[in-house]
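# Structural features, examined
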Amino acid sequence: MKTIKEPAREIPVRDEVDVLIVGGGPAGIMAAQAAAKVPGTSVMLIESRGFLGGNMTIGLPLLGFLGRKGNEVIKGLPLQFVERLRERGQATHHRRCPLHVSLTMIDPEGTKKLCWEIMKEENIKVLMYVFCTDVIMEGNKVKGVIIESKKGREAILAKTVVDCSGDGDVLYRAGAPMLYGNEDGNAQPPTLMFSMRGVDSRKLRDAVADHPETYDIDFIPNEFFRPMDNCTFVGFRNQIKKAREAGYHLPVERTIFMTGMAEDEWWVNMSRVNGIDATDPEQYTKGEEICIEQNEEIVKYLKEYIPGFENAYVDRVAPFMGIRETRRIQGGYTLTEQDIFDCAKFDDVIGVASYPVDLHHPVGGDCSLYWCPDCYDIPYRSLIPEGVDGVIAAGRCISATHLALASVRVMGPAMCIGEAAGKAAALAVKSGKELRDIDVKELQKELREEGVWFRD
């Protein structure tokens, strides 16, 4: 590869804070709020896009708030967030689901607004339209980050950094050991969501409930879908087969769409680009292009083969692809799929999750789900990278196996992890200790006081 030499230069320091949050998605919003609630802590959040909320704004439901027994396992700040939306008519109840355990629909625009309100309420500095492009290191410790924007290259100094970038950008640039995808280096594929309005939802629901022999649904009894309630349709494999025989080129083996906030609104989760590394801008760009082409075919398929969609139209397209997996750290403990299936308990638990291992196959167009009997603990050590201080992971870049990540990556657990990471970052500043050395019992005490639920 051809290279050039960049000359040394002085970089202005834009700001200095106690806790810097990199990324304003589900984990980042919770991390910033949790850190700011520790008295005397100055907090800043930086985000590359022009809005806050990340994957909460692309039409996906919040998954994982309920456990297999129907109890709330995600509480604390994430539950408060949903309850505030619900008070405004911008979120549904948590509906139990035989496939995904629970579903909570939220309004994307209302979510963006609430994120901003929280930033203002907690006096959190927010800087949009900036990319974290490098880190400031002192030995093996992160002391801040370098950002790039239309303003140029600047530095933000911080006593602790919470990496909520999704892709582990800070950790990667700090030299933390990282893993990617499965044993062959293949990650779960991304999807570009879109919504359709004008769907005759009554016709759809009754057709599915009345004709299970025609409209096959994975795992869930068809009658489950008759009530006008939260749901995700996953199946219609017979319809996919018929469409392919008629010449359609569909990227998935199953039809997947889910309720929106309006009665005639459904969000479609069917595009898929295997082999895309979302940390490479060229591949990311190609993925978006392919998804746009796939979605045109998917719309035609839905209108022709799924009852109720005959007169539907595309209302909104998500502002970016939903990325399921890229880099993840090697941490003090690697959460495994066996931990999930064994309902593992850990002394350094910082949150509880119950979402199944939901693996979108890196090769091919199918998915697999594997359930744990109840719920499992997420250990603090899985947030702490090997060999690097001053930074903590939150969201889907924590230390987990490829299969375990397929469970812990969804937004309910991600929000829970973000709250714990932000609180830990603030406590590290307050105590003058490294993140790996803080008193986890104190962290657990603070989280309990904030409403986080732990198993006895």
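Residues numbered from 1 in each chain as written. Predicted model: local features only at pLDDT ≥ 70, side-chain atom pairs only at ≥ 80, totals over all residues. Heavy atoms only, no water.

### Observations concerning the overall build of the chain
- Looking only at helices and strands, the chain has 11 helices and 21 strands in total.
- In terms of overall dimensions, the chain is globule-like: its C-alpha atoms have a radius of gyration of 22 Å, near the 23 Å expected for 456 residues.
- With the C-alpha coordinates aligned to their principal axes, the bounding extent of the chain is approximately 65 × 55 × 40 Å.
- For the chain, the residues scored as buried account for 61% of the 456 residues in total.
- For the chain, the accessible area works out to roughly 18,000 Å², and carbon and sulfur atoms hold 49% of it.
- Taking the average location of the 55 positive side-chain charges in the chain and that of its 68 negative ones, the two points are 2 Å from each other. (Helix = DSSP H or I, 4+ residues; strand = E, 2+ residues; numbered from the N terminus. Rg over C-alpha atoms; globule rule 2.2 N^0.38 Å. Buried < 20%, exposed > 50% of the residue type's maximum accessible area, 1.4 Å probe, protein only. Areas by Shrake-Rupley, 256 points an atom, 1.4 Å probe, with all protein chains shown as cover. Lys, Arg positive; Asp, Glu negative; His and termini not counted. Charge placed at Lys NZ, Arg CZ, Asp CG, Glu CD.)

### As for the layout of surface pockets
- In this model, the second largest pocket occupies a volume close to 180 Å³.
- For the second largest pocket, the lining is made up of 13 residues, of which Arg205, Met228, Thr259, Gly260 and Glu263 are closest to its centre.
- Tallied by class, the residues present in the lining of the second largest pocket amount to four nonpolar, five polar and four charged. (1 Å grid on protein atoms, 1.4 Å probe; cavity = no way out; pocket = protein on both sides within 12 Å on 5 of 7 lines; lining within 4 Å. Points joined across faces, edges and corners; volume = space filled by probe spheres on them. Nonpolar A, V, L, I, M, F, W, Y, C, P; charged D, E, K, R; others polar.)

### Quick notes on the pairing of strand β19 (residues 367-370)
- As defined by bridge partners, strand β18 (residues 357-360) adjoins β19 across four bridges and the pair is classed as antiparallel. Looking at the pairing, Asp358 lines up with Leu369 of β19.
- Linkage of β18 to β19, two consecutive antiparallel strands, is achieved through a turn of six residues, within which Gly364 is found at a positive phi near 90°. (Pairing = 2+ DSSP bridges.)

### Structural notes on the packing of aromatic side chains
- Taken as a whole, this structure holds 14 aromatic pairs when the rule is applied.
- Seen from their ring centres, Phe233 and Phe257 are 5.2 Å apart, and the 35° between their planes marks the pair as tilted. With Phe233 in strand β12 (residues 232-235) and Phe257 in strand β13 (residues 255-259), this pair connects stretches of sequence that are 24 residues apart.
- On the accessibility criterion, Phe257 (0% relative accessible area) is buried.
- Of the aromatic side chains, those joined through ring pairs into one cluster are Tyr215, Phe224, Phe225, Phe233, Phe236, Phe257, Trp266 and Phe309.
- The positively charged end of Arg49 is found above the aromatic ring belonging to Phe320, 3.5 Å away from the centroid.
- If you follow Lys112 out to its NZ or CZ, it ends over the ring of Phe51, 4.5 Å from the centre. (Phe/Tyr/Trp six-rings, centres within 6.5 Å; stacked < 30°, edge-to-face > 60°. Lys NZ or Arg CZ within 6 Å of the ring centre and 35° of its normal.)

### Some details on the sheet that holds strand β14 (residues 266-268)
- The five strands lie next to each other as β12-β13-β14-β11-β15, forming an open sheet whose pairing is antiparallel. The sheet terminates laterally at β12 and β15 (313-317), the two strands that pair on one side only. On average, each strand axis in the sheet is inclined to that of its neighbour by 30°, with strand direction left out of account.
- Across four bridges, the pairing between β12 and β13 is antiparallel. Paired with Val234 across the bridge in β13 is Ile256.
- Along the sheet, helix α5 (residues 201-210) contacts β12, β13 and β14; its crossing angle with β14, the most-contacted strand, is approximately 70°.
- The strands that helix α7 (residues 281-305) touches are β11 (194-197), β13, β14 and β15; relative to β11, the one it contacts most, it runs at about 30°. (Axes fitted to C-alpha atoms, helices over the stretch in contact; angles between N-to-C directions. Contact = heavy atoms within 4.5 Å.)

### Considering the sheet that holds strand β4 (residues 95-97)
- Across the sheet, three strands lie side by side as β3-β5-β4; this open sheet has antiparallel pairing. Edge positions in the open sheet fall to β3 (62-63) and β4, since each of these has one partner strand only.
- The sheet contact formed by β3 and strand β5 (residues 101-104) spans two bridges and is antiparallel. Within the sheet, the bridge partner assigned to Leu62 lies in β5 and is Thr104.

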